[in-house]
Amino acid sequence: MNDITPGVLRKNPSRQECESVIKRILVTEVLTKGRNEQFKNASDFMSYFESLYPASDALTKQVQRAIKAMMLPKDEHGYLIINKTEEQLEEEKDLSFFLKRSNASLSGLNDCVPVLLHCRPEDTSYLMTLILKCITLKDKYETVIETADGILFYTRQEQTLRVLLESLM
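Where do I start with the sheet that holds strand β2 (residues 143-147) in this structure?
Pairing between sheet strands relies on hydrogen bonds along the backbone, with the strands arranged either parallel or antiparallel. Within the open sheet, the 3 strands sit side by side as β1-β3-β2. Their pairing is antiparallel. Two strands bound the open sheet, and with one partner strand each, they are β1 (113-118) and β2. Put simply, the sheet's adjacent strands are angled 20° from each other on average, direction ignored. Across 5 bridges, the pairing between β2 and strand β3 (residues 150-155) is antiparallel. For T147, the partnering residue across the bridge sits in β3 and is G150. Contacting β1, β2 and β3, helix α5 (residues 124-133) runs over the sheet at an angle of about 170° to β2. Lying over the sheet, helix α6 (residues 158-168) contacts β1 and β3, oriented at roughly 10° with respect to β1.

Is there a simple way to think about the packing of helix α1 (residues 15-33) against helix α3 (residues 57-70) in this case?
Describing two packed helices takes the angle between their axes plus the distance from one axis to the other. Orientation of α1 relative to α3, taken along the N-to-C sense of each, is 70°, at an axis distance of 8 Å. Considering the angle they form, α1 stands roughly perpendicular to α3. You can see that α1 and α3 cross each other, and the crossing is right-handed. Side by side, α1 and α3 meet where R15, C18, E19, I22 and K23 of the first sit next to Q62, V63, R65, A66, I67, A69 and M70 of the second. Residues of the contact of α1 with α3, tallied by class, amount to 7 nonpolar, 1 polar and 4 charged.

Explanation requested: α5 in the structure shown.
Turn by turn, an α-helix covers 3.6 residues, leaving residues three or four places apart pointing in a common direction. Within the span of α5, buried status applies to T124, M128 and I131. Down the axis of α5, the sector holding all buried residues measures 65°, keeping them to one side. Among the exposed residues of α5, those pointing more than 90 degrees away from its buried face are Y126 and K133. Where the residues of α5 are buried, they touch β1, β2 and β3.

Just checking my understanding: could you explain the packing of aromatic side chains for this structure?
Within a pair of aromatic rings, the relevant descriptors are the distance that separates the centres and the angle that separates the planes. Scanning all chains against the criterion turns up 4 aromatic pairs. Ring centres of Y48 and F49 lie 5.8 Å apart, and the angle between their planes is 85°; this geometry places the pair in the edge-to-face category. Relative accessible area serves as the criterion here: at 34%, Y48 is assigned to the partly exposed category. Classification of F49 as buried rests on a relative accessible area of 1%. Considering the side-chain rings of Y141 and F153, the 5.4 Å spacing of their centres and the 65° angle between planes classify their relative orientation as edge-to-face. Placement of the pair is Y141 in the loop between α5 and β2 and F153 in strand β3, with a sequence separation of 12 residues. F153 carries the same exposure label as Y141, and that label is buried. Note that K40 overlies the ring of Y79, its terminal NZ or CZ placed 4.8 Å from the centroid.

So, how was this worked out
Residue positions within a chain follow its written sequence, with the count starting from 1. Given that this is a predicted model, residues contribute local features only at a pLDDT of at least 70 and side-chain atom pairs are listed and counted only at 80 or more, while totals for whole chains, interfaces and linings are drawn from all residues. Hydrogen atoms and water are omitted, and side-chain values are computed over all heavy atoms in the structure. For two strands to pair, DSSP has to find at least two bridges joining them. Runs of E in the DSSP output that reach at least two residues are strands. Runs of H or I that reach at least four are helices, and both are numbered from the N terminus. In this analysis an axis means a line fitted to C-alpha atoms, helices contributing only their contacting stretch, and an angle means the value between N-to-C directions, from 0 to 180 degrees. Here a residue-residue contact requires only that any non-hydrogen atoms of the pair lie within 4.5 Å. Orientation labels follow simple angle bins: below 35 degrees gives roughly parallel, above 145 gives roughly antiparallel, 65 to 115 gives roughly perpendicular, and whatever is left gives oblique. The sense of a crossing depends on the near helix, which, turned anticlockwise from the far helix by less than a right angle, makes the crossing left-handed and, turned clockwise, makes it right-handed. Three classes are used: nonpolar for Ala, Val, Leu, Ile, Met, Phe, Trp, Tyr, Cys and Pro, charged for Asp, Glu, Lys and Arg, and polar for all others, with Gly counted as polar. Exposure is judged per residue with a 1.4 Å probe applied to protein chains only, and the accessible area is read against the type maximum: over 50% gives exposed, under 20% gives buried, and values in between give partly exposed. Each direction from the helix axis to a C-beta atom contributes to the arc, which is the arc of those directions. Stacked, tilted and edge-to-face are the three classes applied to pairs of Phe, Tyr and Trp rings, where Trp contributes its six-membered ring and a pair requires centres within 6.5 Å; stacked means planes under 30 degrees apart, edge-to-face means over 60, and tilted covers the rest. In this analysis the charged atom, NZ for Lys or CZ for Arg, is taken to sit over a ring once it is within 6 Å of the ring centre and within 35 degrees of the ring normal.

Take a look at the structure:
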């Protein structure tokens, strides 16, 4: 049996129903396009809601209330973001600023070889400081990490690093 009687208008959805629909629309948008590039405010959702409910000021207000209650942050272009909180967006903005400021870049360590320098655990921290300041060793490793029983280097110049470290011991 059809629950829509001809000539009888359906009532407006609740705010919670609007929120659920808006969330579903935005999640679908993100899953299909990778990000929301269509919805900035309540009016952008109205064609969908008006296809299900009679157009009215009350429907518009209900959709607006739902958007406001969801407290969705917006990206730099003003589009609603469904999968992040305002706090996450601020954290990412700060992180992005400092990554750019520090000229950060990504590189893999797949072609690096680990070299472990064993030392007394109580000396590790001070040795690490000296190694990081050592001009001789500067370009001989990609990264250096304190471990429980020494210092771990990842290097693309294993032989050179080993020779230099052995010459210092």
